[in-house]
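Now for the letters of each chain:
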Amino acid sequence: MSVTSSGSATYSEAVEGSNAKRGLWSSRLAFILAATGSAVGLGNIWKFPYITGENGGGAFVIMYLACIAVVGIPIMMAEVMIGRRGGRSPVNSLRLIAERDKLHPAWKLVGAVGVLAGFLILSFYSVIGGWAVSYVGTAASGQLAGQSADAIGAIFSGLLSDPLTLLLWHTVFMALVMVVVARGVRSGLERAVSILMPGLFILLLIVVGYAMTSGSFGKAVTFLFQPDFSKLTTSGVLVALGHAFFTLSLGMAVMMAYGSYLPKNISIAKTSITVSIIDTGVALLAGLAIFPIVFANGLEPGAGPGLIFQTLPLAFGQMPMGSFFGTLFFVLLIFAAWTSGISLLEPIVEWLEEQKGLNRTVSTLGAGVVCWALGIASILSLNLWSDVAPLSFIPMLEGKTIFDLLDFFTANILLPLGGLLVALFAGWVMSKQAMENELSLSASAFSLWFVTLRFITPVAVAVVFIYNLI
Ligand code: PHE
């Protein structure tokens, strides 16, 4: 249904025609649920606390919040707007807008960055998703009850040192993602998000409540919110910027794809801000749940990717009904990761369908299996290849395993690059009139957004990039 090739259809007919066929979100809520499903995931609960711990706390958190506000929200609005304006898959939306406004066709590269980033991220995301799957069993079997920090740490190291078990759970997680993407029905899952996300939120609140009474809550609050800028490095700033993209699912055209289903009468600004606030709230709550336990038990805040798997089980092991809450928590974490994983695989599958003419099942199987195979490299980085650091000759990448490199390259380079292209496209290339129509903001709000996107966002991303190169 390439409408662009039939020269007689006008742009708006093409858009309307395609939207009628593709169906729109039934409401603002449906869009918010889907976008939140993509945004809230392992990034909030697994990654945010551990990178905050590694980068010294407060100052990093402030940097991250600033990146969300100055870079994240404007780019999310731009992505949703481009998607709605184009009304189809990201690559085609960009092509359609580019054709209509007589722009260079190379702009569709933004979509290509997204396809690559999604593919690489999912390969290791699924391995971590697998950890969550494995912990459902660990919590449900009561193994965590009453354990010491050392014993909990040993359970985690045991998991990491066992490639076959990791492979099993990675396979289970990837299969979950592939089944949904192959069937192309996300409606059930979106409904699930509306129940499970609040569930996850409540469970985090329960852990925060527990941490308030039995952890070092005051110390954690100080650590998270009292900035000590001497602890913030330039690479820490890059990590904060990269994480703003990662956690909001930006820079890889996911929000563009979702925006293409958004009805015209819904405010892009309000919905983007709502999604960003929910996402940030979950991350901060995860921090408040985890750090009191870290400090109360003398654990290391900079323990790295294992942080939540070494702290939360400790809390579940000590609190009343801990096995129950622990099991529930990891089940909900799997759901959060699942809805994000789906949005990581979707762009590649759409691309294979459109560009290579493959059907959905074949596309999903092909992309999913290759991605799964790449995940094995991340699994081995945790044990047999833990000393393999292939790019150590570059000072900044010294000592990074394949898993670390995949994370670094996608979150800190590819996504900001994709986001930069989106900002340049909307800030400098797209018709201003069209954007005013799409966003329908007050004149001053539009100017604020436009100036931010045109100048501040690209400069911020460029400065952080350049600083880290030199
Ligand atoms: N935002 C997701 C998370 O925080 C990860 C993700 C990144 C999903 C990019 C889609 C696109 O877990």
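Our subject is the structure that appears above.
About the criteria used
- Sequence order as written defines the numbering, with residues in each chain counted from 1.
- This being a predicted model, a pLDDT of at least 70 is required before a residue's local features are given, and a value of 80 or more before pairs of side-chain atoms are given or counted; all residues contribute to the totals for chains, interfaces and linings.
- Remark: hydrogens and water are excluded; side-chain values derive from all non-hydrogen atoms of the structure.
- Cavities and pockets are found on a 1 Å grid laid over the protein atoms alone: a cavity is a set of points where a 1.4 Å probe fits but cannot escape, a pocket is an open set with protein on both sides within 12 Å along at least five of seven lines, and a lining residue has an atom within 4 Å of such a point.
- Grid points are joined across faces, edges and corners, and a volume is the space filled by probe spheres set on the points.
- Under this grouping Gly is polar, as are all residues other than the nonpolar Ala, Val, Leu, Ile, Met, Phe, Trp, Tyr, Cys and Pro and the charged Asp, Glu, Lys and Arg.
- Under the scheme used here, helices are H or I runs from DSSP no shorter than 4 residues and strands are E runs no shorter than 2 residues, and both carry numbers assigned from the N terminus.
- Proximity is defined per residue: if any heavy atom of the residue lies within 4 Å of a molecule or strand, that residue is considered near it.
- Polar contact criterion, stated in full: a pair of N or O atoms within 3.5 Å, where within protein one must be able to donate a hydrogen and the other to accept it, and residues adjacent in sequence count only if both atoms are side-chain atoms.
- Surface accessibility follows the Shrake-Rupley procedure with a 1.4 Å probe radius. Residue values consider only the protein chains on display as shielding.

Colleague: Explain empty space enclosed by the protein to me, and be specific about the residues and the numbers.
Modeller: Counting across every chain of the model gives 5 cavities of 30 Å³ or more. Computed from the structure, the largest cavity encloses a volume of approximately 130 Å³. Forming the walls of the largest cavity are 14 residues, and the residues nearest its centre are Ser38, Tyr125, Phe246, Ser249 and Leu344. When its residues are assigned to classes, the lining of the largest cavity shows 8 nonpolar, 6 polar and no charged. Computed from the structure, the second largest cavity encloses a volume of approximately 110 Å³. Around the second largest cavity, the lining comprises 14 residues; the ones closest to its centre are Pro90, Val91, Val115, Pro347 and Glu350. Secondary-structure elements contributing two or more residues to the lining of the second largest cavity are helix H5 (90–100), helix H6 (109–140) and helix H15 (322–356). With 5 residues, the top contributor of residues to the lining of the second largest cavity is H15.

Colleague: So, the site of the ligand: which residues are in play, and what are the values?
Modeller: In the vicinity of the ligand lie 15 residues, with Ala39, Gly43, Tyr125, Phe246 and Ser249 positioned nearest. At a separation of 3.1 Å, an oxygen atom of the ligand approaches a polar backbone atom of Leu42. The backbone of Phe246 places a nitrogen or oxygen atom 2.7 Å from a nitrogen atom of the ligand. Burial of the ligand by the protein amounts to 100% of the accessible area it has alone, namely 320 Å². Of all the elements in the fold, those that place two or more residues in the shell around the ligand are helix H2 (28–39), helix H3 (42–54), helix H11 (234–247) and H15.

Interpretation note: all reported values are geometric properties and have no functional meaning in isolation.
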